[in-house]
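A look at the structure
Here's the letter readout for the chains.
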Amino acid sequence: MRVEPLGDRQRIANGAYMTDSPIPTLDPAQEVRIAAVHRGFLYQHLYAVGCLLAAEVVGATSVVIERDEDVEIVQQSRRLYVQVKTRSQPIIPSDIGSALERFERLRAEHTDGRRSGTPHFAVIANQNPGPVLAAQIASGALPGDVKFIWPGQSLPAEFGSLPPAWATIDDAVQWCTAQAAALPFAMLAADSLVWKLAGRVLAAAAGNAPHENHAFDVQQLPSLFEQLLIQLQDFPAPPLPYRPQIDEPSIDSGARVRIISGFSGAGKTAWASQAATHASHNCAYYDCAETPGEALAVALVRELAAKLAGTNPEAIKRVLLPGSTGLESLKALDVFLSRERLTPVVVLDNVHRVGAESLQRIVNVTTTLRFVLLCQPTGSTKEIEAILGLSRESLNGWSLDELADAVARAGGRGSAATMSRLKTLTGGMPLFVQSAARIAVSEYDGDVEQLCDSLEVQTNTAETAQEVILARVFGALPGSARDAVAVLSLSDLGLKPAEVNELLLKALDLNDQAVAGVIRSLRASGTAEVYGGRQLKIHDAMRVLGNGHLLALGAGAVNRAQVALKNILLVSLEGYRDTSRFSLFTRMLVATNDIKTLVELIGEEMFHEMGIATDIWRSLETAVASESVDPEQRYWALDGLVFSDMKHSNLEGLPARFDAMEALITKHQLGADERMSFAMKRMGFQAELGDADAVNESIAALQALLPDKPAHQRVFRYNAASALFRLGQHQRAIEMASQVVHEYYGAMGITPDQVMMRKQKDLWELIDRPSLDRADIKHLADALELLAMVAAKLGRMSTMARIHAMKFYGLAGAVDSLVRVGQDAADDFVFQRDYEGAREILEQHVLPVVLEHNLLGRIVGVRSQYAVVLAYCGEVDAAEREMARLEPYAGGFTELQRLEIEGQKALIAEQRTRPAVSRQQIVAFQRLQVMAQSRAPSSGKVGRNEPCPCGSGKKYKKCHG
């Protein structure tokens, strides 16, 4: 017997408001990645780029980038010292204290004659000065030769042609790009030069070659610009906008030789082009596709000489000596680069078409050049790995957000769950996603869900790029390997080696030796991936072809494979309860028409915590309608459907379900468990309808039905308290809920005080004993959640009860409930104006669970709530960026989601006009709340002398007041 769920409630969101925000110059996700490369100094480095681009106009002879990212512009008779400050709040005096001290030391060096020229000092900031600093500036408290510049101000005459102070990174990129566009280079996008210069500034700040002295000679800047442009011109232009892939590797890992492998369409070349644009080292690109292996060294050295030594004609002559072989010239270039302390990265594309021995000779003859080899998992790739002793790296495809944005911009629409299906079908590989999006628009009126349905059952009439490209790889596999791919494609999860062997044995009658040979060929072709604890999985992008091939093998082969996989999953679930396999297991139950096991599962509360797909519920509907299914099984299938409907507040169809359940009980004389379950569910429904008389009658009837067993009594009292809560009888509900919580704590042998400050691991050690009923863990969490909800209606602090509920939901593995209660706890913190507490709850305890368990039904709501909390924490820009990332899912929003999102956007927008609230103000507000509660009468809503909502049995003021 299980406790009945409470439906979700709307989060912090009311009103209707939406704004059209301009498209930023820089993609938000890419900005985060670029900023990480620059160690948080991206704004400072872009300001230095602006100084380089303006250097000739201001009459500079050199631009120096110090280790602390300060910029020094050296002129004939003057030196301009610029300290760049970025903050999220207005600038206070302590923010510029160190800059003023440094300026004082520099001023003394000029006075003493150790530095030449007249010094001028400026602080450039992205924020306005705060009240104290503004008063100091107005009163002339700053030294007369120090200027403080913030966004919107005109620069003083001595700094007049330098970049202004920008408010955002986006403004910085736009300004620098406009300056770069004025240079006489028409063959390359201006922003590419800006980003390459930002990488050079990073190297100069660190004192890396060729800027060991941290300086850029202004006379050499045109040559530098030209050299950078020559290097980047041969890289294929990255797509606009460029969308980073999951955990993209850096182009410069420090390794001498690397292999980046992936199917055609995986985005390898685009990644290399984009990464080279932002690299601090020199980079060069060469496509090996049409070059014979024996001619590669000659072709390569001629391409690289101009790109890497172009500013030194004498060096080029020495490298390209007449009569030298390609390898000799390449070695000479390598020696020259070593003397110059340069370690450029050379990207070689389509390396799978080059002989492994040719590549080995090139690698062996060089020591300074670093190579990134881009290849497909075919041709000579396997041999290159073996000869060079390398392991290939892979690109992981677009994240769900990047995929959804790409699809939405192409005109497709779908929910987060639908976009996740497309990601699984395409592997998130850029070309495959774009092709699928175009087909969704042209063939399915933009409905991505319809496209996914067609791809999964192979009824799509328009062939995707994925099918065209991968068909060549698939067709090149041996027949037994293609059959193995077909069977293994049933699983979207990794399988252990023993499980792979058993599956292929049962489905295809392959022995261990044959399986080993097949797996080797699949790994060599990139069709199979091995990860984690040596688990194997077919590449997601290849599973579409595998599923099509399985259908072609016939119904008998499909059924054998599905039954074999179902039995393997059942053993693993019984053995070590790997809940990540639960969804796949239920799909196999549906596929094999194992309705009896499915109905048994739906009787488990955990079934409803795993984000089960809609096709499972459709299968249960089929079971309910079938007269061939045992009446008791049909009853429990209905019971599960009612449980789900009430959990998600889908009430319209419940009367018909209750009629069917009652008919089954009466006609087939079902037992006491069925009668009690029916009565409790109907009582909850009666409460939803507001029928107090019917609820009281149900409570009386259930009391008569209940056996004299503590477990049954606790479940009954919880459901009765839940019904009273729905009716608005909060005092009766809290008394009953408090009793239930107290009894569950007693049944588990612990007290609320023992839960305080304990982590889940320690809490489990406290309750783990042979007599423990694991169902009680979730039931206690349910009761705590109910107690918190009732207490909130009575105006009492209920946050601790919710936090304790989260702990027990976590122990029970009830991830959906954990997320729901975590969101409510975050709302509690927001109500108390503890915005950092709300942020901590969402960042540390809610978002990780949503992402780890792929709870796609929750992800939009959690992230939009998180955006609101960010705004309350003063990070309005970050909040708006987070909401912008959710826009691509709007095509799949329900009406309730749409209204909620609009309300949250309005709340975020309001924060721009509100003054910042200090931590001290928040603490003072909370103290006033506590004082108000202590003055309230015991019969009021916030009395401190009443029982604490945490269920401890103590008075509120003695417990958590």
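Here is a short report on the structure shown in this document. What you see is a predicted model; the values in this text were computed from it and never measured. (Residues numbered from 1 in each chain as written. Predicted model: local features only at pLDDT ≥ 70, side-chain atom pairs only at ≥ 80, totals over all residues. Heavy atoms only, no water.)

On to the packing of aromatic side chains. Counted by the stated rule, this structure contains 12 aromatic pairs. Here phenylalanine 235 and tyrosine 285 contribute two aromatic rings whose centre-to-centre distance is 5.3 Å and whose plane-to-plane angle is 45°, an arrangement assigned as tilted. Of this pair, phenylalanine 235 sits in the loop between α7 (221–233) and β7 (257–261) while tyrosine 285 is found in strand β8 (residues 283–287), placing the two residues 50 residues apart along the sequence. Of the two residues, phenylalanine 235 and tyrosine 285, both sit in the buried class. Here the aromatic rings of tyrosine 635 and tryptophan 636 are separated by 5.0 Å at their centres, their planes lie at 85°, and the arrangement is edge-to-face. For tyrosine 635, a relative accessible area of 0% gives the class buried. Three or more aromatic residues joined by ring pairs make a cluster, and in this case those are Tyr43, Tyr47, Trp166 and Trp175. The cationic tip of arginine 243 hangs over the ring face of tryptophan 398; the distance from NZ or CZ to the ring centre is 5.9 Å. (Phe/Tyr/Trp six-rings, centres within 6.5 Å; stacked < 30°, edge-to-face > 60°. Helix = DSSP H or I, 4+ residues; strand = E, 2+ residues; numbered from the N terminus. Buried < 20%, exposed > 50% of the residue type's maximum accessible area, 1.4 Å probe, protein only. Lys NZ or Arg CZ within 6 Å of the ring centre and 35° of its normal.)

This part covers the sheet that holds strand β5 (residues 146–149). The pairing of strands in a sheet happens through backbone hydrogen bonds and is either parallel or antiparallel. With respect to topology, six strands assemble into an open sheet ordered β5-β4-β3-β2-β1-β6, the strand pairing being mixed. What marks the edges here is a single partner per strand, and that holds for β5 and β6 (215–217). Shown here is a sheet whose adjacent strand axes are inclined to one another by a mean of 20°, direction ignored. In the sheet, strand β4 (residues 118–125) pairs with β5 via four bridges, with the strands oriented parallel. Paired with valine 123 across the two strands is phenylalanine 148, which belongs to β5. (Pairing = 2+ DSSP bridges. Axes fitted to C-alpha atoms, helices over the stretch in contact; angles between N-to-C directions.)

In a regular helix each residue adds 1.5 Å, so 15 residues correspond to 21 Å; helix α28 (residues 654–668) covers 21 Å between its end C-alpha atoms and thus fits that length. For α28, the set of buried residues is Leu654, Arg657, Phe658, Met661, Leu664 and Ile665. The buried residues of α28 occupy an angular sector of 125° when the element is viewed end-on, so they sit on one face. Turned more than 90 degrees away from the buried face of α28, the exposed residues are Ala656, Asp659, Thr666 and Lys667. (Expected span 1.5 Å × (residues − 1). Arc of directions from axis to C-beta.)

Attention now goes to the pairing of strand β3 (residues 78–85). Among the eight residues in β3, seven count as buried, and that is most of the element. In this sheet, β3 lies alongside strand β2 (residues 71–75) in antiparallel orientation, the contact comprising four bridges. Each bridged residue has a counterpart across the sheet, and for valine 74 the counterpart in β3 is arginine 79. Connecting the antiparallel pair β2 and β3 is a turn made up of two residues. Since β3 and β4 lie parallel, the crossover through helix α3 (residues 97–111) that links them has a hand, and here it is right-handed. (Right-handed = clockwise from strand over helix to strand, strands pointing away.)

As a further point, take the sheet that holds β7. In space, the five strands of this open sheet follow the order β8-β9-β10-β7-β11, with parallel pairing throughout. The sheet is open, and its two edges are formed by β8 and β11 (393–394), each paired on a single side. Sheet analysis places strand β9 (residues 345–349) next to strand β10 (residues 370–375), joined by four bridges and oriented parallel. Directly across from valine 346, in β10, lies its bridge partner phenylalanine 371.

This part is about the environment of alanine 410. Tracing the chain through its elements places alanine 410 in helix α14 (residues 400–410). For alanine 410, a relative accessible area of 36% gives the class partly exposed. Along the sequence, alanine 410 and alanine 440 sit 30 residues apart, while their C-alpha atoms lie 9.3 Å from each other.

For the rest of this paragraph, the subject is the pairing of β9. Here is the key point about a regular strand: its side chains alternate between the two faces of the sheet. The element β9 is largely enclosed, with a buried count of five among its five residues. Residue alternation in β9 divides its side chains into two sets, Val345, Val347 and Asp349 and Val346 and Leu348, and both sets are buried. Once you follow β9 into helix α12 (residues 356–364) and on to β10, the crossover reads as right-handed.

Take the side chain of glutamine 245 next. Relative to the helices and strands, glutamine 245 is located in the loop between α7 and β7. Side-chain polar atoms of glutamine 245 contact the backbone oxygen of alanine 266, separated by 2.8 Å. Polar side-chain contacts of glutamine 245 include one of 2.7 Å to the backbone nitrogen of glycine 397. (Polar contact = N/O pair within 3.5 Å; in protein donor to acceptor, adjacent residues only side chain to side chain.)

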